[in-house]
Amino acid sequence: MERNREKKIRLIALDLDGTLTNEEKIITPRTFDALMTAQRQGVRLCLASGRPPYGMMPLARQLHMEQYGGIVMAYNGGHVMDCATRKVITETILDESLLSRLLHFESLSGMTLMTYHEDKIYTSHADDTYVHISSRNNKMDVVGVEDFLRDVPKPVNKCLMVGNPANVPYWEHVMQEAFRGEMNIMRSTPYFIELLPLHIDKGPALESIARSIGIVPDDIMAFGDSYNDISMIRTAGIGVAMENAEDAVKDAADYVTLSNDNDGVAAALEAFSVI
């Protein structure tokens with residue numbers, strides 16, 4: 001279903017990997033120009049990702065979001081920050097008592113448990129292929145620890161279980177059942193399972209951001225491509241899935257745009273007369 005193309009949009013929420021950036025992890029010139037035009041016209045940007053703040057700020061700075069009242073939603077909503085002031089608006093911490101149980105599932109699954117702190121990634125398996133994908137995406141160094149419970153800096157905002165995409169759906173389901181009512185667990189890519197504090201999700205976080213800046217969800221246009229974007233896409237007045245999105249994301253969206261390699265964000269902003 002497509003909604004009114006003349007809807008007045010006041011906030012654009014953007015997932016990063018597979019959405020804002022192309023497969024080379026860069027913002028293409030057309031998309032950059034479109035988002036700068038939107039900001040100059042008074043539309044605010046919100047970068048919404050499972051990434052840590054450190055891995056998001058280079059893109060926020062590239063888009064000059066500190067100048068235009070931009071907001072960074074890191075850890076899928078577990079850490080929300082005003083770009084201009086660097087003030088943390090909300091932050092939610094993972095209950096440390098859950099970490100030992102997550103280590104049990106790391107052992108059972110053969111996958112790798114990892115977490116972020118400031119500008120580093122921490123894991124007991126520093127040579128893991130999928131850990132290094134996150135390291136490249138976020139431009140963060142990997143620190144190998146001998147004892148995850150003892151050596152990982154606290155507090156912990158979120159963890160990831162990473163591994164072979166063929167195994168991820170099964171273990172996502174098993175852990176969702178095991179931690180029901182204690183954690184929010186979902187895939188963000190075919191090889192990453194997000195392990196978040198209970199109720200942390202992009203959709204509710206986007207609603208909270210809207211209230212804090214005096215708008216309603218109907219004033220928001222949200223873009224995404226993966227499972228952890230579904231609640232945000234459903235929350236926004238106009239929810240947009242990328243052509244490269246998972247089918248479940250397309251089903252949740254109001255509109256499917258071009259792929260992240262073909263300036264899908266810019267194309268949708270133009271199609272809905274946001275710019």
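These figures come from a predicted structure and were not determined experimentally.

A. Broad picture of the sheet that holds strand S8 (residues 141-144). In space, the six strands of this open sheet follow the order S8-S7-S6-S9-S11-S10, with mixed pairing throughout. Edge positions in the sheet fall to S8 and strand S10 (183-189), since each has one partner strand and no second. Adjacent strand axes in the sheet meet at a mean angle of 30° when their direction is disregarded. Judged from the four bridges that link them, strand S7 (residues 120-123) and S8 form a sheet pairing that is parallel. Residue pairing in the sheet places Ile 121 in a bridge with Val 142 of S8. Contacts from helix H4 (residues 129-138) reach strand S6 (112-117), S7, S8, strand S9 (159-162) and strand S11 (192-197), with the element oriented near 20° to S6. Helix H6 (residues 168-178) contacts S9, S10 and S11 of the sheet and is inclined by roughly 170° relative to S10.

B. Structural detail: the layout of surface pockets. Estimates place the volume of the largest pocket at around 460 Å³. Surrounding the largest pocket, 31 residues form its lining, Asp 17, Gly 18, Lys 25, Ser 188 and Thr 189 being those nearest its centre. Among the elements of the structure, H4, S10 and S11 are those that each provide at least two residues to the lining of the largest pocket. Top element by residues in the lining of the largest pocket is H4. It accounts for four residues. For the lining of the largest pocket, the per-class residue count stands at seven nonpolar, 13 polar and eleven charged.

Criteria and thresholds
Residues numbered from 1 in each chain as written. Predicted model: local features only at pLDDT ≥ 70, side-chain atom pairs only at ≥ 80, totals over all residues. Heavy atoms only, no water. Pairing = 2+ DSSP bridges. Helix = DSSP H or I, 4+ residues; strand = E, 2+ residues; numbered from the N terminus. Axes fitted to C-alpha atoms, helices over the stretch in contact; angles between N-to-C directions. Contact = heavy atoms within 4.5 Å. 1 Å grid on protein atoms, 1.4 Å probe; cavity = no way out; pocket = protein on both sides within 12 Å on 5 of 7 lines; lining within 4 Å. Points joined across faces, edges and corners; volume = space filled by probe spheres on them. Nonpolar A, V, L, I, M, F, W, Y, C, P; charged D, E, K, R; others polar.

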